[in-house]
Amino acid sequence: MKTKILYSIWLCLYILCVGMGTITPQSAVQSGALTVLSVLFFIPGVLLLIEGYQSNQKILKQVRIISLISLGLTLSLIVLNILTVNAGSDVGQALNDVLLLVSAPMFCCHWQGVSLFLWACLFVSSFPKMWKK
C-alpha cells in the first residue's frame, strides 16, 4: 500500500512540475520556489528506492526503468532539437513541448542540469549489488 501512495505522490508532483514548468519566473523567489519543487519531485523516487532495498527488488527495477526512460528520451529530444535547428520555430516549439512532458522537473529548476543529475542518481542507485561489498 505504501508503494501505491508513493507512486501517487510522484505522479502528482510530476503533474505539478509540468504545470509550473510552463511559467516563466519573474523574481528570484519564484525561481527558488520552482527549483525547490523540482528537487522535491525526486523525494518519492528516493523513498521508493529505500523501500526497494528493504523489501522488494521489483520496485528497484521499476525506478530504474522510469529513470532510464526519462534520461534516454531527454537526451534523444535534446539531440533531435539541435539537429532540427533549421526546420523552423514550430518544429522547435513542438519538440520543446514534448521535452517538457518527458523531463518535467528540468523545466522547473533554474539550473536544468540538476534534474538530469538527480535522474542519473536514481538510475545508478537502483543497482543494489553495486553498493554491496
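Report follows, based on the coordinates. (Residues numbered from 1 in each chain as written. Predicted model: local features only at pLDDT ≥ 70, side-chain atom pairs only at ≥ 80, totals over all residues. Heavy atoms only, no water.)

1. Considerations on the overall build of the protein chain
Note the threshold: The numbering of helices and of strands both runs from the N terminus, where a helix is a DSSP run of H or I of at least 4 residues and a strand a run of E of at least 2. We call a residue buried when its accessible area falls under 20% of the maximum for its residue type, exposed when it is over 50%, and partly exposed in between, using a 1.4 Å probe and counting protein chains only. Surface exposure here means Shrake-Rupley accessible area, sampled with a 1.4 Å probe, where a residue is shielded only by the protein chains that are shown.
What the protein chain contains, in helices and strands, is eight helices and zero strands. Taken from N to C terminus, the helices and strands of the protein chain fall in the order α-α-α-α-α-α-α-α. When its C-alpha atoms are laid out on the principal axes, the protein chain stretches across 50 × 35 × 25 Å. Per-residue burial for the protein chain yields a buried fraction of 32% across its 133 residues. Only carbon and sulfur atoms are counted for the fraction: they give 71% of the accessible area of the protein chain, which is about 8300 Å².

2. Quick look at the packing of helix α1 (residues 2–21) against helix α2 (residues 28–40)
Our working rule: Only C-alpha atoms enter the line fits that serve as axes; for helices the fit covers just the stretch in contact. Angles between N-to-C directions range over 0 to 180 degrees. Small angles under 35 degrees read as roughly parallel and large ones over 145 as roughly antiparallel, with 65 to 115 read as roughly perpendicular and the rest as oblique. The hand of a helix crossing depends on one turn: near helix anticlockwise from the far one by less than a right angle means left-handed, and clockwise means right-handed. Contacts between residues were defined by any pair of non-hydrogen atoms, one from each residue, lying within 4.5 Å. Amino acids outside the nonpolar list (Ala, Val, Leu, Ile, Met, Phe, Trp, Tyr, Cys, Pro) and the charged list (Asp, Glu, Lys, Arg) are all regarded as polar, and Gly is one of them.
α2 packs onto α1 with a crossing angle of 150 degrees between their chain directions and a minimal axis gap of 10 Å. The orientation of α1 relative to α2 falls into the category roughly antiparallel. In the packing of α1 onto α2, the handedness of the crossing is left-handed. Across the interface between the two elements, Leu13, Leu16, Cys17 and Met20 from α1 touch Leu34, Leu37, Ser38 and Leu40 from α2. Looking at side-chain class alone, the contact of α1 with α2 contains seven nonpolar, one polar and no charged residues.

3. Some thoughts on the side chain of Ser126
Along the chain, Ser126 turns up in the loop between α7 (112–125) and α8 (128–131). Setting aside residues no more than four positions away along its own chain, Ser126 makes contact with Leu49, Tyr53, Leu60 and Arg64.

4. Here we look at the packing of aromatic side chains
Put simply, the rule reads: Centres within 6.5 Å make a pair out of two Phe, Tyr or Trp rings, where for Trp the six-membered ring is used; the pair is then stacked when the planes are under 30 degrees apart, edge-to-face when over 60, and tilted otherwise.
Enumeration according to the criterion identifies seven aromatic pairs in this entry. Here the aromatic rings of Phe42 and Trp119 are separated by 5.2 Å at their centres, their planes lie at 85 degrees, and the arrangement is edge-to-face. Highlighted residues: Phe42 in the loop between α2 and α3 (43–54) and Trp119 in helix α7, separated in sequence by 77 residues. Trp119 carries the same exposure label as Phe42, and that label is buried.

5. Side note on the state of the cysteines
So the rule is basically this: Cysteine sulfur atoms that come within 2.5 Å of each other are treated as a disulfide pair.
Under the counting rule described, the total for this entry stands at zero disulfides. Cys108 takes part in no disulfide bond, and the closest cysteine sulfur to it belongs to Cys17, at a distance of 4.1 Å.

6. Details of the environment of Asp97
Within the secondary structure layout, Asp97 lies in helix α5 (residues 89–102). Looking at Asp97, the relative accessible area reads 38%, which means it is partly exposed. Considered as a pair, Asp97 and Lys4 are 93 residues apart in the sequence and their alpha carbons are 28 Å apart.

7. Things to note about the side chain of Ser70
Tracing the chain through its elements places Ser70 in helix α4 (residues 57–83). Exposure remark for Ser70: the relative accessible area of 5% places this residue in the buried category. Apart from residues lying up to four places away in sequence, Ser70 is in contact with Val102 and Trp119.

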